[in-house]
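Spelled out from the first residue to the last, the chains are:
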Amino acid sequence: MAVGDVMRMEIPSGGDMSVTSPELHVLAVDDSIVDRKVIERLLRISACKVTTVESGARALQYLGLDGDKGASGLKDLKVNLIVTDYSMPGLTGYDLLKKIKESSVFREIPVVIMSSENILPRIEQCLREGAEDFLLKPVKLADVKRIKELIMRNEAEDCKTLSHSNKRKLAEYIDDASSPSPSSSTHDDSSAKDFPSSKQMKSADEKFSSLL
């Protein structure tokens with residue numbers, strides 16, 4: 001996925017949302033308003049565009065993954081990274097991670113889990129499910145910068161791979177277009193064989209004249 005702008009800025013009423021600019025667009029999810037403000041500030045300092053929501057359910061609404069047909073099909077929505085708290089009422093960060101990884105539209109988006117509890121089985125479970133990283137709170141600016149650099153590097157590599165692939169396909173297309181088709185060549189040869197020579201034509205005319 002290449003870095004892009006978010007096209008959908010609104011959130012259902014009651015949501016806590018703020019958007020800043022530029023570059024990477026990060027969706028930050030945390031039920032604690034204090035932690036939400038902290039991660040938002042760290043992301044803003046790192047020159048990220050930030051959207052904050054207060055629950056996993058609200059994050060699914062924003063992404064159009066809550067089953068609401070009116071909110072689905074957000075082709076223009078662009079999110080480069082999702083950072084979510086693990087322990088939240090209702091839908092936990094782990095549940096949100098699973099929902100995102102089950103989505104054909106958003107499963108490639110990196111998801112980072114945050115938690116104030118250093119529980120190894122929980123960390124391993126999230127990483128096994130596809131989390132990009134697991135950060136211990138309080139999250140530091142160095143953590144955010146490291147994650148951002150990782151995402152930017154991955155996206156740059158994806159763009160480079162796509163560019164090489166497109167160039168290869170173009171070269172193959174040009175080669176195919178400039179090469180004569182074997183089938184047409186065969187067809188031309190058979191046509192030449194079937195076409196009668198002038199000598200054969202003369203002989204046929206003579207036979208025909210003798211029949212008159």
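Cut-offs and rules
- Residues numbered from 1 in each chain as written.
- Predicted model: local features only at pLDDT ≥ 70, side-chain atom pairs only at ≥ 80, totals over all residues.
- Heavy atoms only, no water.
- UniProt positions renumbered as here; feature names shortened; annotations may be inferred.
- Helix = DSSP H or I, 4+ residues; strand = E, 2+ residues; numbered from the N terminus.
- Contact = heavy atoms within 4.5 Å.
- Axes fitted to C-alpha atoms, helices over the stretch in contact; angles between N-to-C directions.
- Parallel < 35°, antiparallel > 145°, perpendicular 65-115°, else oblique.
- pLDDT = per-residue confidence, 0-100.
- Patch = residues over 30% accessible without salt bridge, like charges linked within 9 Å, V, L, I, M, F, W, Y side chains within 5 Å.
- Areas by Shrake-Rupley, 256 points an atom, 1.4 Å probe, with all protein chains shown as cover.
- Salt bridge = Lys/Arg side-chain N within 4 Å of Asp/Glu carboxyl O.
- Core = buried A, V, L, I, M, F, W, Y, C linked by side-chain atoms within 4.5 Å.
- Buried < 20%, exposed > 50% of the residue type's maximum accessible area, 1.4 Å probe, protein only.

- For the protein, the name recorded in an unreviewed UniProt entry is Response regulatory domain-containing protein, with Brassica oleracea var. oleracea as its organism.
- As its UniProt record puts it under Subcellular location (unreviewed entry), the protein is described as follows: "Nucleus".

1. Some remarks on the UniProt feature "modified residue: 4-aspartylphosphate" (unreviewed entry) in the protein
For step 1, the next point in the chain: Here the UniProt-annotated "modified residue: 4-aspartylphosphate" (unreviewed entry) positions come out as D85.
For step 2, the next point in the chain: Among the secondary structure elements, D85 is positioned in strand 3 (residues 81-85).
For step 3, the next point in the chain: With residues up to four places along the chain from it excluded, the contact list for D85 reads V29, D30, D31, G93, M114, S115 and K137.

2. Thoughts on the packing of helix 3 (residues 93-102) against helix 4 (residues 120-129)
For step 1, the next point in the chain: Packing of helix 3 against helix 4 brings their axes to within 10 Å, and their N-to-C directions diverge by 10 degrees. Here helix 3 lies roughly parallel to helix 4, going by the angle between them. Along the contact surface, helix 3 presents Y94, L97, K98 and K101, while helix 4 presents Q125, C126 and E129.

3. Re the confidence of the model for the protein
For step 1, the next point in the chain: Looking at the protein as a whole, the pLDDT averages 78, with 61% of positions reaching at least 70.
For step 2, the next point in the chain: Mean pLDDT in the protein bottoms out at helix 6 (residues 182-194), which sits at 50, and peaks at strand 4 (residues 111-115), which reaches 98.
For step 3, the next point in the chain: Counting interchain partners and residues more than four positions distant, the pLDDT-below-50 stretch residues 1-15 has 46 contacts.

4. Notes on the side chain of S46
For step 1, the next point in the chain: Tracing the chain through its elements places S46 in the loop between helix 1 (33-45) and strand 2 (49-53).
For step 2, the next point in the chain: Apart from the residues lying within four places of it in its own chain, the contact partners of S46 are L141, V144, K145 and K148.

5. Some words on a nonpolar patch on the surface
For step 1, the next point in the chain: Together, I33, V34 and V38 make up an exposed nonpolar region whose accessible area comes to about 260 Å².
For step 2, the next point in the chain: Along the chain, the position of V38 falls in helix 1.

6. As for the nonpolar core
For step 1, the next point in the chain: The biggest cluster of nonpolar side chains holds 25 residues, and the ones touching the most others in it are L27, V29, L63, V79, I82, I113 and C126.
For step 2, the next point in the chain: Mapped by element, the contributors of at least two residues to this core are strand 1 (25-29), helix 2 (56-63), helix 3, strand 4 and helix 4.
For step 3, the next point in the chain: Excluding its chain neighbours within four sequence positions, the residues that come into contact with I113 are T84, Y86, G93, L97, C126, A131, D133, F134 and L135.
For step 4, the next point in the chain: Listed in part, the 17 residues of the second largest apolar core include I39, L135, V139 and I147.

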